[in-house]
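Each chain, letter by letter, is given below.
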Amino acid sequence: MERYLQVYCSVMHFNFLTSLAMNSAKVIQIGSNSFDGMLPRAFGNLSASIEIFSAYLSGIKGMIQNEIGNMSNLIELDIGGNELTRSIPDTLGQLTKVQMLRLDDNKLHGSIHVNLCNLVNLYHLDLENNHLSKQLPTCLENLTSLRELNLSYNSLTFTISSTLWTNKEIQIIDLSYTLFNGSLAPEIGSVKEMRELYISTNQFSREIPSTIGQLQSLVNLTLSNNRLHGPIPEPFGNLIALQNLDLSKNNLYGEIPRSLEKLKELVYFNVSFNELSGEIPMDGLSRT
């Protein structure tokens, strides 16, 4: 019978956890706590049977110890919303069974280590709101199981390699509020299962690739507050599932294409602070 350990209290030390008999526990969920201290090294030496460990919004401080890589059967790791610092240990790459990894809303810095590309079963990766920097590893193309990727609110730099769009079944990507620059590769149009794409507040320039018009499952598209220029691509009229489109605060020019009249599901449309001309095609956008 699987053991499920759930701990709720106001203030506690992690030594309390490591002193518990958890050799057969598979799920550990810690909530509504205010931890006094850091993750001890013994944290990584907890039973290898643990499959789910969640300590979201628990006030954990300090660094993620390298020993975390010893939790070889871990499927879900959620230690977001804490005060973790320093870099992401490369030993996380040893958790090859993990499907969900949430380290969001911490104070982690440094690069996204290439060893994370070993997580071939990873479905959900959330590193939002940290101080991560440098370039994305191109080996992210190895994460063929990945469906949700959130890297927003970091200090990532350089351009996005076209290899990011190799995963044709990824559904949600959020790269908002980073420091990416360069252009959006035309390969973006190959991600046929994409439902949500957020790339606002970066430094992308050049034209919007017309291949985005091939993403007919897309519901939310936000490219606002960049340096994109040129016209709105005519193929955007093929985004038949689109509900929210935000292209505001760029350098777009030309007329709004009448092909957007075909977007019958569109409920939010923002092209303010551009240099667009002509009329909004009201037949399709009368509800915005």
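Along every chain, residues carry numbers that run from 1 in the direction the sequence is written. Side-chain atom pairs in this predicted model are given and counted only at pLDDT of 80 or more, local residue features only at pLDDT of at least 70, and totals for whole chains, interfaces and linings cover all residues. As a rule here, side-chain values cover all heavy atoms of the structure and leave hydrogens and water aside.

### Details of the sheet that holds strand β22 (residues 251–255)
Pairing is parallel in the open sheet, where three strands are placed in the order β20-β22-β24. Each end of this open sheet is capped by a strand with a single partner; those strands are β20 (229–230) and β24 (275–277). Each pair of strands is called paired provided DSSP finds at least two bridges between the two strands. Secondary structure elements follow DSSP: runs of H or I of four or more residues count as helices, runs of E of two or more count as strands, with numbering from the N terminus. Bridge count between β22 and β24: three bridges; the pairing is parallel. Looking across to β24, one finds that G254 is bridged to L276.

### Points about the sheet that holds strand β10 (residues 109–110)
In space, the three strands of this open sheet follow the order β10-β12-β14, with parallel pairing throughout. On the outer flanks of this sheet lie β10 and β14 (155–156), each paired with one strand and no other. Strand direction decides the pairing type here: strand β12 (residues 131–134) and β14, joined by two bridges, are parallel. Residue pairing across strands places S133 opposite S155, the latter belonging to β14.

### So, the pairing of β12
Two strands pair when backbone bridges link them, and β10 and β12 are joined in this way by two bridges, in the parallel orientation. Within β12, the residue paired with G110 across the bridge is L132.

### Some remarks on the packing of aromatic side chains
For this analysis, a ring pair means two rings from Phe, Tyr or Trp (six-membered ring only for Trp) whose centres lie within 6.5 Å, classed as stacked if their planes differ by under 30 degrees, edge-to-face if by over 60, and tilted for the remaining angles. Taken as a whole, this structure holds two aromatic pairs when the rule is applied. On the basis of an interplanar angle of 10 degrees and a centroid distance of 4.4 Å, the ring pair of Y153 and Y177 is categorised as stacked. Here Y153 is found in the loop between β13 (148–150) and β14, whereas its partner Y177 is found in the loop between β15 (172–174) and β16 (181–182), with 24 residues between them in sequence. To sort residues, take the accessible area from a 1.4 Å probe on protein chains only and compare it with the maximum for the residue type: under 20% means buried, over 50% means exposed, and anything in between is partly exposed. A relative accessible area of 39% places Y153 in the partly exposed class. Considering the side-chain rings of F180 and F204, the 6.4 Å spacing of their centres and the 20 degrees angle between planes classify their relative orientation as stacked. In this pair, F180 sits in the loop between β15 and β16 while F204 sits in strand β18 (residues 203–204), placing the two residues 24 residues apart along the sequence. Using a relative accessible area of 0% as the deciding quantity, one classes F180 as buried. F204 gets classed as buried once you look at its relative accessible area, which sits at 0%.

### Quick look at the environment of L136
With respect to the helices and strands, L136 occurs in the loop between β12 and β13. On a C-alpha basis, the gap between L136 and T159 in space is 8.6 Å, while along the polypeptide they are 23 residues apart. Residue contacts follow a heavy-atom distance rule, with two residues in contact if any of their heavy atoms lie within 4.5 Å. Setting aside its immediate chain neighbours within four residues, L136 contacts I112, L151, L156 and F180.

All quantities given are derived from atomic positions and should not be read as evidence of function.
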